[in-house]
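Per-entry structural report
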Amino acid sequence: MRRWLCGFTVVILILVAAMPPATLAFLNNVPPHEDPERAERAVDALYLLALYCNVLEYIGEVKLDNATSMLKLIEGIEVPRNVRYVIDRTNQLLNKLSSELNETENRIEEARILIDNGFYEEALSELNRALICLARANATLDELPVELIQGLGKFVPKDYEERLREISDRISELVDRIRDLIEEILEEMRNLRMRVTGRIPTFIMVNATPQTLMVGGNLTIHGFLYDVNGTPLNGRLVKIFFELSTPGGESIIEPIQVYTRLGGAFKFTVRMPYIYREESMTQGVIVRACYTPSGGDVSIYSASTNYTKILLLFNRTIVTISAPEEVLPGKNVSVSISVDPWINVSRKIHVFFDSRKVLGTTLNNRTITSTIKIPASTGPGKHFFRVVVEPYETFSPGENSTSVTVVLEETFLKVSVKDLVLYPFESKVLLEGFVVDENGSGLENALIRVFFQGREYAVNSSRDGYFNVSFNVGFSIVFSRSTLTVLADPVEPWMSSASWSHTITTVNVLSVFFILSVILLAFMNASRLRRVGERVFERFTWISVRGSRGEVTGGKIPVGIGEATGLLRGYTVRRGPIVEYYLRVVEKISRIVGRPKPYETIREYLWRAKNALPQSVLRLFEKLSFLAEKAIYSPTGCSSEDVSSAESIARRILESDFG
């Protein structure tokens, strides 16, 4: 026991030594003999307050993305149900505060850009929106400290009041820092507004000559800057903007800065760029002058802007392209290109097939004809030639396109192969053929692939397009049908692929021979049995038998029997006197019982006669029926005693009077 206690003590000491310093410091501050559940609640509440300190610090440093990420982390923390409302409400306020400050910053930045570009009215509108967002943020901040400290502080036990007070003081400091930030933002907005409004309105005038000019020409811009009293403002910075179509449109020149001279005048000359835009000829180019107060003028003069419009012209270049309607991949095609108007100056042109550049050259004449190779990898279908002519001074770039249809020449396969294969004598099959074009010329080196019974065989065609493939035929129990497929892929990119299919029947000769042998053997056995039966039995039906002078078909009728007629069908019997006696008797009793049915046996007929014949006659007819069965079916035949007995019975029945 003592050894076990020593070991446990060593483990505890190792765990304590491995703890981080922060954990040890926290354990030192935990009151002894405290309820663990109560201590856990205290640590959770203090931990959440510390996280909120980080959120407020990020907001005060305008690191709003970090603040949002921290709030998402807090939302994922599991807290008791009675704490969840406080957490959700606090997160809602902090998210709203962060969002309002973020929108305020964005609108201030937009206002600053608008002021720098001379859009003063738009800038004032953005500043007004920013002021509304800032007021909302300030109102949200007023609600935050009460919710944060009072809401979570009540979950902290009294033993942690000192630590709670430290965190609460830190939160108050951060809230004050955010208030200072709001004041700084408000002051920045005042300064921006002051740059635009001022106390003394100013006016700026701008003109440009000539009002219409070609691209690349010189444009002279001049104007005046003065206040509402007509006093010229000398030495002030004026920005000139060049915009397409409308103020604030696409800029075509970087803004130019110029200072006013004596009399508030400014003037300079600029060379217009080579831009080839339809808007510059139809709707014009805006030349806009802007004055934004700076330095000591910020609190004195207001900003002002004005503009004029010019037309910037150029010569349109018209490109015409002509190409065949159908082309073949991998082959050359002639393309004709024309450019108007022609100024007898070399101009660079670029020809594209779809998105691939296929030609780059210099155009020295109005019309040029070039030979262009269609890429070999081009698939069948519609494609486009596109021609681009580079600009030259006042002549704009030109572009045009035309469609062509890529087609393939047809490939033909001529294949010969057996339809019927006798396995196993023919375990291999030879396939031969030619791959040719539409003129019957062989295609050399075409890849021939043969697919049969899940296997693939590949060869290349010879110079005249000939190919042959020898392949194995798989085992079949009796017979099987398999599809043979041949695919041909010519090396010429303008030739199409070709395919050919055929069905091959495979017959297993050994299996067929075995089956036929079994059938023949069965047939021979059946014939032998039938011959044996014919020796024992004779085929006859209930035929009409008429005795004349004691004669009947198949034998002699003993004297005294007399003439008799009978019908017997459906039995195979051996003819003899007993059967003849039986037929005579049946002829008589059939007047009462009825004639035998074609399907009735001797026993069935006897059974039917039991209800119609007298008992004395029935007993005699029953004995005669048994003797007839014996004569018909017994392999040993009947004795002379049986014949005598049958004669006696037949005589007694025929002489009796019962019908």
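Just so it is clear, the model here is predicted, and its values are computed rather than measured. (Residues numbered from 1 in each chain as written. Predicted model: local features only at pLDDT ≥ 70, side-chain atom pairs only at ≥ 80, totals over all residues. Heavy atoms only, no water.)

The next point concerns the pattern of salt bridges. In the structure shown here, the tally under the stated rule is 24 salt bridges. Salt-bridge contacts for Glu126 lead to Arg129; the nearest nitrogen and oxygen are separated by 3.3 Å. Of this pair, Glu126 and Arg129 both sit in helix H6 (residues 120-153), three residues apart, which is roughly one turn of the helix. Classification of Glu126 by relative accessible area gives buried; the value is 15%. Taking the shortest distance from any N to any O, the salt bridge between Arg386 and Glu399 comes out at 3.4 Å. Of the two residues, Arg386 is situated in strand S15 (residues 381-389) and Glu399 in strand S16 (residues 398-406); the sequence distance between them amounts to 13 residues. The exposure class assigned to Arg386 is partly exposed, which follows from its relative accessible area of 28%. Residues joined in a network through salt bridges with shared partners are Glu103, Arg107, Glu126 and Arg129. (Salt bridge = Lys/Arg side-chain N within 4 Å of Asp/Glu carboxyl O. Helix = DSSP H or I, 4+ residues; strand = E, 2+ residues; numbered from the N terminus. Buried < 20%, exposed > 50% of the residue type's maximum accessible area, 1.4 Å probe, protein only.)

Where nonpolar side chains cluster on the molecular surface, the patch consists of Phe514, Ile515, Leu516, Val518 and Ile519 and spans about 490 Å² of accessible area. Structurally, the position occupied by Leu516 is in helix H9 (residues 509-536). Owing to a relative accessible area of 53%, Leu516 belongs among the exposed residues under this scheme. (Patch = residues over 30% accessible without salt bridge, like charges linked within 9 Å, V, L, I, M, F, W, Y side chains within 5 Å. Areas by Shrake-Rupley, 256 points an atom, 1.4 Å probe, with all protein chains shown as cover.)

Let's shift gears to a negative patch on the surface. Residues Asp176, Asp180, Glu183 and Glu184 make up a contiguous surface patch of negative charge. Within the element layout of this structure, Asp176 appears in helix H7 (residues 161-197). Its relative accessible area of 42% is what places Asp176 among the partly exposed residues. (Lys, Arg positive; Asp, Glu negative; His and termini not counted. Charge placed at Lys NZ, Arg CZ, Asp CG, Glu CD.)

At a minimum axis distance of 10 Å, the contact between helix H11 (residues 602-609) and helix H12 (residues 615-633) shows a crossing angle of 175°. Relative to H12, the element H11 is oriented roughly antiparallel. Across the interface between the two elements, Ile602, Arg603, Tyr605, Leu606 and Ala609 of H11 pack against Leu618, Phe621, Glu622, Ser625, Phe626, Ala628, Glu629 and Ile632 of H12. Classifying every residue of the contact of H11 with H12 gives nine nonpolar, one polar and three charged. (Axes fitted to C-alpha atoms, helices over the stretch in contact; angles between N-to-C directions. Parallel < 35°, antiparallel > 145°, perpendicular 65-115°, else oblique. Contact = heavy atoms within 4.5 Å. Nonpolar A, V, L, I, M, F, W, Y, C, P; charged D, E, K, R; others polar.)

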